[in-house]
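Residues per chain, in single letters:
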Amino acid sequence: WDEEFEESAFDIGYQEYPKRYIIITLYIAACTVQAFMLFSFVSVTDEAKAAYGVSDAVVQLTAVIFLVGTIGTFLPAAYLIQNYGVRFCSILATALTFVGAVIRLFQNLGFGLLICSSIVTALGFSLTQISVVRICADWFKPQHRTQALAVGSLANPIGTTMAFLIPYLFLSHVSLAEQTELKHAFQHVHYLQAGLCILCFLATYFWMEDIPPSPPSASTITIRFDSFSESLKRLLRSPDYLRILGMIAINLSLNQGLSATLDSILTRGADFSKNQVCICAIIMLTAGVVGTLIMARYVDENKRFKDPIMILTAVFCLISTLQGYVIDSGNIYVIYVSGAIQGFTLLASGALLLDLASEVAYPVTEDVSFALIFTVGQVLAIATTFGFLWMIDERVFKFVGIAMAIMTLFGMTLFVRLNETLNRLEADKYNPIAICPDTTF
């Protein structure tokens with residue numbers, strides 16, 4: 001926003017525009033498809049090994065590249081968004097994703113091309129992940145920001161669940177001995193991914209916008225004078241931001257680690273079938289969606305973050321402690337209930353933490369604060385995922401749950417000392433919409 005907005009802030013009739021729903025939907029579609037592509041070999045590792053004649057480690061590279069390759073890309077992504085806007089970066093992200101999907105269509109030239117595809121897709125993923133906070137801040141008024149961000153945060157888990165289910169549905173009927181048929185089945189998955197990617201690119205190109213005609217809140221139009229480097233320095237000097245950074249990094253790493261190892265935990269730890277793993281993934285996602293929407297609505301109405309986050313995190317810690325015993329029970333229905341509670345608490349607390357981080361970091365722009373969070377979170381996610389895989393290889397499945405509980409407890413010790421300073425909402429007190437009944441469209 002320019003200085004004219006700042007000077008006439010009290011004269012502006014802050015409002016939301018119906019197109020905000022299209023903008024957030026475009027983000028969700030892009031992020032979902034990217035996650036679908038990046039994790040599409042997780043549940044069909046054996047099939048990929050048989051189809052392409054490669055080792056287990058090589059197949060896992062497609063997901064590992066996402067974890068490792070994006071570490072150094074979030075901060076540059078934030079810089080691009082800050083200087084070139086959400087529209088340019090969203091078009092670039094969906095274009096990169098489409099290129100990655102097209103590369104997969106040439107799978108017969110070798111599995112190395114599929115790894116290259118993951119690299120290209122991961123670059124687009126970084127731009128997409130950072131853009132959601134700017135979309136929520138620029139298009140949604142204070143009463144709806146938490147819910148908008150919560151809905152946006154579900155895109156990645158939805159895409160990961162699609163990556164569990166869809167390749168399995170295409171490949172479940174094919175024998176591991178039929179290499180040609182396996183490749184044909186994978187090709188159908190790749191055609192589906194390419195079709196979804198081109199739709200996302202075209203929709204983004206024609207409908208994505210940077211900002212609405214007028215801002216939704218006073219905090220949106222505040223002139224933020226810090227340069228990119230000064231913003232980073234300001235964040236690193238803030239004890240409260242560093243505390244919530246640690247808490248969110250742990251949440252993100254547990255989310256990624258659990259997503260990457262759920263299949264191995266259930267199939268190797270308790271000999272459950274692929275069908276049961278897929279059902280468990282759907283239950284966890286459904287519970288997470290419900291929990292996220294309920295808790296986001298509560299926070300938007302009460303503007304209290306800390307208490308619900310602490311309760312959700314404590315419940316997740318307790319369930320994680322019992323995870324080993326739940327798996328040992330051999331009762332799939334007990335595992336479904338446990339998974340539902342884990343999905344509900346982990347995804348809901350993660351969505352609330354992300355919005356609270358924007359409040360604490362303000363007036364630093366949301367994209368910069370999120371880039372730092374995702375960078376640290378991705379580093380920790382790598383250590384967490386490989387730690388979980390090592391425990392699975394050593395057949396010490398109980399320690400996976402105990403490790404999750406210990407990490408969660410450490411995050412809670414950081415978070416309990418956090419001062420719940422809602423800087424952005426303080427700026428929004430000057431927004432007449434924040435104290436008036438909702439505008440209808």
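Just above, that's the structure.
Keep in mind it's a predicted model, so treat the numbers as computed, not measured. (Residues numbered from 1 in each chain as written. Predicted model: local features only at pLDDT ≥ 70, side-chain atom pairs only at ≥ 80, totals over all residues. Heavy atoms only, no water.)

Chemist: Residues and numbers for the overall build of the protein, please.
Modeler: Along the backbone of the protein there are 19 helices and 0 strands. Against the globule reference of 22 Å for 441 residues, the protein gives a C-alpha radius of gyration of 22 Å, in line with a compact fold. Principal axes of the C-alpha set define a box for the protein whose edges measure 70 × 45 × 40 Å. Expressed as a percentage of the 441 residues in the protein, the buried residues total 57%. (Helix = DSSP H or I, 4+ residues; strand = E, 2+ residues; numbered from the N terminus. Rg over C-alpha atoms; globule rule 2.2 N^0.38 Å. Buried < 20%, exposed > 50% of the residue type's maximum accessible area, 1.4 Å probe, protein only.)

Chemist: Account for the environment of Trp 390, naming residues and giving values.
Modeler: Looking at the element boundaries, Trp 390 is found in helix α17 (residues 366-393). Separated by 10 residues in sequence, Trp 390 and Val 400 place their C-alpha atoms 9.6 Å apart.

Chemist: Before we move on, can you summarise the packing of helix α2 (residues 20-38) against helix α5 (residues 74-104) with the specific residues and values?
Modeler: Where α2 contacts α5, the axes come no closer than 11 Å and their chain directions differ by 30°. It follows that α2 is roughly parallel to α5 by the angle criterion. Here the hand of the crossing between α2 and α5 comes out left-handed. In this structure, α2 uses Ala 30, Val 33, Gln 34 and Met 37 to contact α5, whose residues at the interface are Ala 93, Thr 94, Thr 97, Gly 100, Ala 101 and Arg 104. For the contact of α2 with α5, the per-class residue count stands at 5 nonpolar, 4 polar and 1 charged. (Axes fitted to C-alpha atoms, helices over the stretch in contact; angles between N-to-C directions. Parallel < 35°, antiparallel > 145°, perpendicular 65-115°, else oblique. Left-handed = near helix turned anticlockwise from the far one by under 90°. Contact = heavy atoms within 4.5 Å. Nonpolar A, V, L, I, M, F, W, Y, C, P; charged D, E, K, R; others polar.)

Chemist: Give me unusual backbone geometry: which residues, what numbers.
Modeler: A cis geometry characterises the amide bond from Tyr 362 onward to Pro 363, with omega recorded as 15°. Structurally, Pro 363 is set in the loop between α16 (332-361) and α17. The backbone of Lys 303 shows a phi angle near 55°, a positive value even though the residue is not glycine. On the secondary structure map, Lys 303 appears in the loop between α13 (274-302) and α14 (306-321).

Chemist: Before we move on, could you go through the pattern of salt bridges and cite the residues and values that matter?
Modeler: Per the stated rule, a full pass over the model turns up 10 salt bridges. Between Arg 134 and Asp 138 there is a salt bridge, with its nearest N and O atoms 3.6 Å apart. Taken as a pair, Arg 134 and Asp 138 lie in helix α6 (residues 111-139) at a separation of 4 residues, close to a single helical turn. Taken as a pair, Arg 134 and Asp 138 share a single burial class, namely buried. (Salt bridge = Lys/Arg side-chain N within 4 Å of Asp/Glu carboxyl O.)

Chemist: Describe the packing of aromatic side chains, naming the residues involved and giving the relevant values.
Modeler: Here the structure, examined in full by the defined rule, presents 10 aromatic pairs. Geometrically, the ring pair formed by Tyr 205 and Phe 206 is edge-to-face, given 5.3 Å between the ring centres and 90° between the ring planes. Under the relative-accessibility criterion, Phe 206 is labelled exposed at 60%. A ring pair is formed by Tyr 333 and Tyr 336, whose centres lie 6.0 Å apart and whose planes are at 85°; its orientation type is edge-to-face. Here Tyr 333 and its partner Tyr 336 are both found in helix α16, 3 residues apart, which amounts to about one turn of the helix. Given a relative accessible area of 11%, Tyr 336 falls into the buried group. Within the aromatic cluster, the residues linked to one another by ring pairs are Phe 41, Tyr 52, Phe 111 and Phe 186. (Phe/Tyr/Trp six-rings, centres within 6.5 Å; stacked < 30°, edge-to-face > 60°.)

Chemist: Tell me what's going on with the packing of α2 against helix α9 (residues 179-207), and back it up with residues and numbers.
Modeler: Each pair of packed helices gets described by two things: the angle between the helix axes and the distance between those axes. One can describe the packing of α2 onto α9 by two numbers: an axis separation of 10 Å at closest approach and a directional angle of 155°. Our classification of the angle between α2 and α9 gives roughly antiparallel. Relative to α9, the crossing made by α2 is left-handed. Within the contact between the two elements, α2 uses Ile 22, Ile 23, Leu 26, Ala 29, Ala 30, Val 33, Phe 36 and Met 37 and α9 uses Val 189, Leu 192, Gln 193, Leu 196, Cys 197, Cys 200, Ala 203, Thr 204 and Trp 207. For the contact of α2 with α9, the residue count by class is 15 nonpolar, 2 polar and no charged.

Chemist: So, the side chain of Thr 160: which residues are in play, and what are the values?
Modeler: Along the chain, Thr 160 falls in helix α8 (residues 155-171). Once you skip the residues sitting within four places of it in the chain, Thr 160 turns out to touch Ala 35, Phe 39 and Ser 259.

Chemist: Give a description of the nonpolar core that names residues and reports values.
Modeler: Ile 130, Tyr 241 and Leu 356 are the most contacted members of the largest nonpolar core, which has 101 residues in total. Those residues in contact with Ile 130, other than ones at most four positions away along the chain, are Phe 74, Ala 77, Ala 78, Ile 81, Asp 367, Phe 370, Ala 371 and Phe 374. Core analysis: the next-biggest nonpolar cluster, separate from the first, contains 17 residues, Ile 65, Val 174, Phe 186 and Cys 278 among them. (Core = buried A, V, L, I, M, F, W, Y, C linked by side-chain atoms within 4.5 Å.)

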